[in-house]
Amino acid sequence: PAPLDPAKGPTHLAALRDRLEQGILAQVEECGVNGGGVARLSNTSNLYFDHVEAEALVIALDLKGLSVSGGSACQSGATEPSHVLTAMGLTPARARASIRFSLSKLTTEEEVDYALTLVPTAVARLRDLSPTWHKAVAAVA
């Protein structure tokens, strides 16, 4: 096997993950990083998007060529929120509004940039359809 390229190792993946997270947080209100601020995998990010159902966001992004997950592989098809996210203290609604991004040593900066154009647009479109989003916006106004 070929030796690992250090430029594609955990430090590089963490930098891409952080770029993805910071870009999304800068563009999308009422979202956040689940488990942010603690030691975690360098290639994985789990974010919540309040007033959006993860399943709908997964489908919207998939249609644009971005693969993400709304739950763990062992929970595929389950309607209950992630037991891991609820154990971390997330409400069931926030856990159901969470998606996971996984990066690999093959992930490029251009792919992260592409995700940063897709995610905010998809979240905004789904929130336009969300009655809870409209209530939240009206309460602030």
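Here, every reference points to the structure presented above.
Quick summary incoming for the structure in this document.

Points about the nonpolar core
The nonpolar side chains of soluble globular proteins are, as a tendency, buried together.
Next, step 1: In this structure, Ile 24, Phe 49, Leu 57, Leu 61, Ile 99 and Phe 101 are the most contacted members of the largest nonpolar core, which totals 27 residues.
Next, step 2: Mapped onto this core, the elements with two or more residues apiece are helix H1 (10-27), strand S2 (44-49), helix H2 (54-63), strand S3 (98-102) and helix H5 (109-128).
Next, step 3: Top element by residues in this core is H5. It accounts for eight residues.

What about the packing of H1 against H5?
Next, step 1: At their nearest, the axes of H1 and H5 sit 10 Å apart, and the two run at 25° to each other. Taken together, the axes of H1 and H5 lie roughly parallel to each other. Crossing angle aside, the handedness with which H1 passes H5 is right-handed. Contacts between H1 and H5 involve Leu 16, Arg 19, Leu 20, Gly 23, Ile 24 and Gln 27 from the former and Glu 109, Val 112, Asp 113, Ala 115, Leu 116, Val 119 and Pro 120 from the latter.
Next, step 2: Taken together, the residues that form the contact of H1 with H5 break down as eight nonpolar, two polar and three charged.

Some words on the sheet that holds S2
Next, step 1: Pairing in this open sheet of three strands is antiparallel, and the strands run S1-S2-S3 from one edge to the other. A single partner strand is all that each edge strand has here, and the edge strands are strand S1 (31-33) and S3. Pairwise comparison of adjacent strand axes, ignoring direction, gives a mean angle of 25° for this sheet.
Next, step 2: Across five bridges, S2 lies against S3 in antiparallel orientation. When the sheet's bridge partners are listed, Leu 47 is paired in S3 with Ile 99.
Next, step 3: In this fold H1 packs onto S1, S2 and S3, with an angle of close to 10° to the strand it touches most, S2.
Next, step 4: On top of the sheet, H2 reaches S2 and S3; it is set at about 40° to S3, its chief contact.

Focus on the packing of H2 against H5
Next, step 1: The geometry of H2 relative to H5 is characterised by a closest axis approach of 10 Å and an angle of 130° between their N-to-C directions. Accordingly, the angle class assigned to the pair H2 and H5 is oblique. Crossing of H2 over H5 shows right-handed handedness. On H5, the residues that touch Ala 56, Leu 57, Ala 60 and Leu 61 of H2 are Leu 118, Val 119, Ala 122, Val 123, Arg 125 and Leu 126.

Some words on the environment of Leu 16
Next, step 1: Along the chain, the position of Leu 16 falls in helix H1.
Next, step 2: Spatially, the C-alpha atom of Leu 16 lies 7.1 Å from that of Val 112, the residues being 96 residues apart in sequence.
Next, step 3: Non-local contacts of Leu 16, meaning those with residues more than four positions away in its chain, are made with Leu 103, Thr 107, Thr 108, Glu 109 and Val 112.

Considerations on the pairing of S2
Next, step 1: Taking burial as the measure, the six residues of S2 include six buried ones, the bulk of the element.
Next, step 2: Neither face of S2 is left uncovered, since the one carrying Thr 44, Asn 46 and Tyr 48 and the one carrying Ser 45, Leu 47 and Phe 49 both have all their residues buried.
Next, step 3: Across three bridges, the pairing between S1 and S2 is antiparallel. Across the sheet, the residue bridging to Gly 32 is Tyr 48, located in S2.

Cut-offs and rules
- Residues numbered from 1 in each chain as written.
- Predicted model: local features only at pLDDT ≥ 70, side-chain atom pairs only at ≥ 80, totals over all residues.
- Heavy atoms only, no water.
- Core = buried A, V, L, I, M, F, W, Y, C linked by side-chain atoms within 4.5 Å.
- Buried < 20%, exposed > 50% of the residue type's maximum accessible area, 1.4 Å probe, protein only.
- Helix = DSSP H or I, 4+ residues; strand = E, 2+ residues; numbered from the N terminus.
- Axes fitted to C-alpha atoms, helices over the stretch in contact; angles between N-to-C directions.
- Parallel < 35°, antiparallel > 145°, perpendicular 65-115°, else oblique.
- Left-handed = near helix turned anticlockwise from the far one by under 90°.
- Contact = heavy atoms within 4.5 Å.
- Nonpolar A, V, L, I, M, F, W, Y, C, P; charged D, E, K, R; others polar.
- Pairing = 2+ DSSP bridges.

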